[in-house]
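Summary of structural features
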Amino acid sequence: MFKKVLIANRGEIALRVIRACRELGIETVAVYSEADRECLHVRFADDDVCIGPPPSRLSYLKIPGLIAAAEITGADAIHPGYGFLAESAEFAEACRNSNITFIGPTPEQIRLMGDKAAARRLAQELDVPVVPGSPGPVSDPDEAVGIARGLGFPIIIKAVAGGGGKGMRVATDGDSFTQAFQLARNEALAAFGNADVYLEKYLEHPRHIEIQIMGDQHGRVMHLCERDCSVQRRHQKLIEESPSPALDQQHRDAVGAAAVRAASHIGYVGAGTIEFLLDQDGCFHFMEMNTRIQVEHPVTEMVTNFDLVKEQIRVAAGERLSFTFHGNRLRGHAIECRVNAEDPARGFQPCPGTITAYHPPGGPGVRVDTHIYAGYTVPPYYDSLLAKVIVHGNSRREALARMSQALDSFIVEGVTTTIPFLRRVIHHPDFEAGRVDTKFLTRAPELFAAE
Ligand code: ADP
């Protein structure tokens, strides 16, 4: 097992990894930018290193600085968390070259799945259904419009190297397509340094269903059922739950098996997520694989009782998967709400500032993953996630009641948060009935209004 793990991240996920390391008896190293001196991950880690100025490209994204920090502190492994360098094959490779274990899959696996067009092709080869689309990347606008017409509008244009909802454009007809195509290519080049895009038919009212995968270095891959992440704003997840209200056991088994087939084929090691869209006819379509721990992993932890972060660390150290999971043993129901420092009435504009009062919710079945505290100043440089409120109940109804009381008793003052908005969403009749798809919020503009 590792002696010391450096966490190449900040915020709640850095704290989450520190907790897992503590339980495993592993020492930790926090890294922080000059804007993050007062962060809790710095206080809770055994060792800490300042890695540069506030902008993430000068600190959390600087590979040489992170490797140097690990070498100076004697860390033998690096956990990348999510975001930042978590899906950087280059970073995983730099770790390998420095004899530091990257807690995650191999650089080759990250590279393969990071090319979304190649991942689609692989899924097709393995008889995992994909959304109808272009056979690969397309660069010629005339060829692209021809393919789009053949598939039928609307069409979504996606960056091959995309992620985080960036580099995607929807075109509703041939006239708007050419402009959208060019914009998507420009955006992709600016955001990912790669202009390549591919096309998919844009499904009108899909649900986003993803399967949690875990694999070890001994050839075992398993899945831990699904999360339903259909409550989204601009293709970004806001609320996630497990099990999905839309899935029966037969579907769960089928999609779980398809995900395991894809991950096993590449000998996947560590935690990963295979994302699917479920269309209105009940058909699944592979979308992409994320080769890291997800923001919403606690939802799966609550319904399976397994610690995914500890398991990531164990398998990276060469241990066998510590548990067997048969896809029909979810216990109860879990829901997560992402609380952000944003103003829903102003287009979710980020609201950095100092937190003047803080009291988290609690009680049976309530978990809050957060890094904030009274007196903490939310810096403007990073994402605006303040906390994840995760609830568990014996039934969806009980989980909903717990989420309702948890949001009601969550006090965060000094910055505008999305708590009132989340409260309105979970009381919406469609959400209460589990009747949502990725367009749900666009049909309910009243939810965005100020109280
Ligand atoms: P990213 O990696 O940037 O998050 P994804 O490919 O995972 O991008 O897609 C994010 C979201 O975009 C999905 O959850 C879904 O809401 C929407 N989306 C992506 N592809 C399609 C599609 N073909 N049809 C309809 N919605 C889509």
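Heads up: these notes are all about the structure in this document. (Residues numbered from 1 in each chain as written. Predicted model: local features only at pLDDT ≥ 70, side-chain atom pairs only at ≥ 80, totals over all residues. Heavy atoms only, no water.)

**A look at the side chain of K310**
The following threshold applies: Numbering of helices and strands runs from the N terminus, with a helix taken as a DSSP run of H or I at least four residues long and a strand as a DSSP run of E at least two residues long. The rule is simple: take the accessible area with a 1.4 Å probe, protein chains only, and divide by the maximum for that residue type; under 20% is buried, over 50% is exposed, in between is partly exposed. Contacts are assigned to residue pairs with any non-hydrogen atoms lying within 4.5 Å of each other.
Relative to the assigned elements, K310 resides in helix α11 (residues 308-316). Classification of K310 by relative accessible area gives buried; the value is 15%. Here K310 is in contact with A20, E23 and L24, once residues within four sequence places are set aside.

**So, the sheet that holds strand β7 (residues 166-171)**
Our working rule: Here, strands pair whenever DSSP counts at least two bridges between them. Helix axes use the C-alpha atoms of the stretch in contact, all axes being lines fitted to C-alpha atoms, and the angles between their N-to-C directions lie in the range 0 to 180 degrees.
Sheet architecture is open: three strands sit in the order β7-β6-β8, paired in antiparallel fashion. Among the strands making up the open sheet, the edge pair consists of β7 and β8 (197-201). Neighbouring strand axes in the sheet, compared pairwise and without regard to direction, differ in orientation by 25° on average. As defined by bridge partners, strand β6 (residues 155-163) adjoins β7 across five bridges and the pair is classed as antiparallel. Considered in β7, the bridge of I157 is made with R169. Across the sheet, helix α8 (residues 174-192) lies against β6, β7 and β8, angled at about 175° from β7, the strand it touches most.

**Points about α8**
The periodicity of an α-helix, 3.6 residues per turn, causes residues three or four positions apart to be oriented the same way. So the rule is basically this: The span one expects for a helix is its residue count, reduced by one, times 1.5 Å. Polar contacts, as used here, are pairs of N or O atoms within 3.5 Å; protein pairs need one atom able to donate a hydrogen and one able to accept it. Residues neighboring in sequence count only if both atoms are side-chain atoms.
Between its first and last C-alpha, α8 extends 26 Å over 19 residues, near the 27 Å set by a 1.5 Å rise per residue. Taken together, the buried positions of α8 are G174, F177, A180, F181, A184, R185 and A188. In the core, the buried residues of α8 are packed alongside α7 (141-151), β6, β7 and β8. Looking at where α8 begins, the residue whose side-chain oxygen comes 3.1 Å from the main-chain nitrogen of D175 is D173.

**What to know about the site of the ligand**
Let me state the cut-off plainly: Here, proximity means that at least one heavy atom of the residue falls within 4 Å of the molecule or strand. Each accessible area is a Shrake-Rupley result for a 1.4 Å probe, and residues are judged covered by the shown protein chains and nothing else. All residues other than Ala, Val, Leu, Ile, Met, Phe, Trp, Tyr, Cys, Pro, Asp, Glu, Lys and Arg, Gly among them, are scored as polar; the first ten of these are nonpolar and the last four charged. The split of the chain into domains comes from an automatic or database domain assignment.
In the vicinity of the ligand, 22 residues are found, and the nearest of them are G165, H208, Q232, E275 and E288. Contact between the ligand and K116: an oxygen atom at 3.2 Å from a side-chain N or O atom of the residue. Interatomic distance of 2.9 Å between a side-chain N/O atom of K158 and a nitrogen atom of the ligand. Isolated, the ligand exposes 550 Å² of accessible area, and the fraction of that covered by the protein chains is 95%. When residues of the shell around the ligand are assigned to their parent elements, the largest contribution, three residues, is made by β6. A breakdown of the residues in the shell around the ligand according to their chemical character gives eight nonpolar, seven polar and seven charged. Two domains share the shell around the ligand, each providing at least three of its residues, namely domain 2 (132-201) and domain 3 (207-448).

**Comments concerning empty space enclosed by the protein**
As a reminder of what qualifies: Cavity: a set of points on a 1 Å grid over the protein atoms alone where a 1.4 Å probe fits but cannot get out. Pocket: an open set with protein on both sides within 12 Å along at least five of seven lines, its lining residues, like those of a cavity, having an atom within 4 Å of a point. Grid points are joined across faces, edges and corners, and a volume is the space filled by probe spheres set on the points.
Enumeration according to the criterion identifies two cavities of 30 Å³ or more in this entry. A volume near 40 Å³ is recorded for the largest cavity. In terms of lining residues, the largest cavity is bounded by H79, P80, G81, A86, F102, I103, G104, P105, T291, R292, I293 and Q312. When the residues that make up the lining of the largest cavity are grouped by side-chain class, the tally is six nonpolar, five polar and one charged. Inspection of the lining of the largest cavity shows a minimum of three residues originating in each of domain 1 (4-103) and domain 3 (207-448). Considering only enclosed or pocket space, the second largest cavity measures out at about 30 Å³ in volume. Sorting the residues of the lining of the second largest cavity by element identifies β10 (221-233) and β11 (236-242) as the ones contributing at least two each. Looking at the lining of the second largest cavity residue by residue, the classes come out as four nonpolar, one polar and three charged.

**What to know about helix α1 (residues 11-23)**
Its 13 residues give α1 an end-to-end C-alpha distance of 19 Å, which sits within 8% of 18 Å, the value for a rise of 1.5 Å per residue. Where burial is concerned, most of α1 is hidden: 10 out of the 13 residues are buried. Taken together, the buried positions of α1 are G11, E12, I13, A14, L15, R16, V17, I18, A20 and C21. G25 sits one or two residues past α1 and shows a positive phi near 75°.

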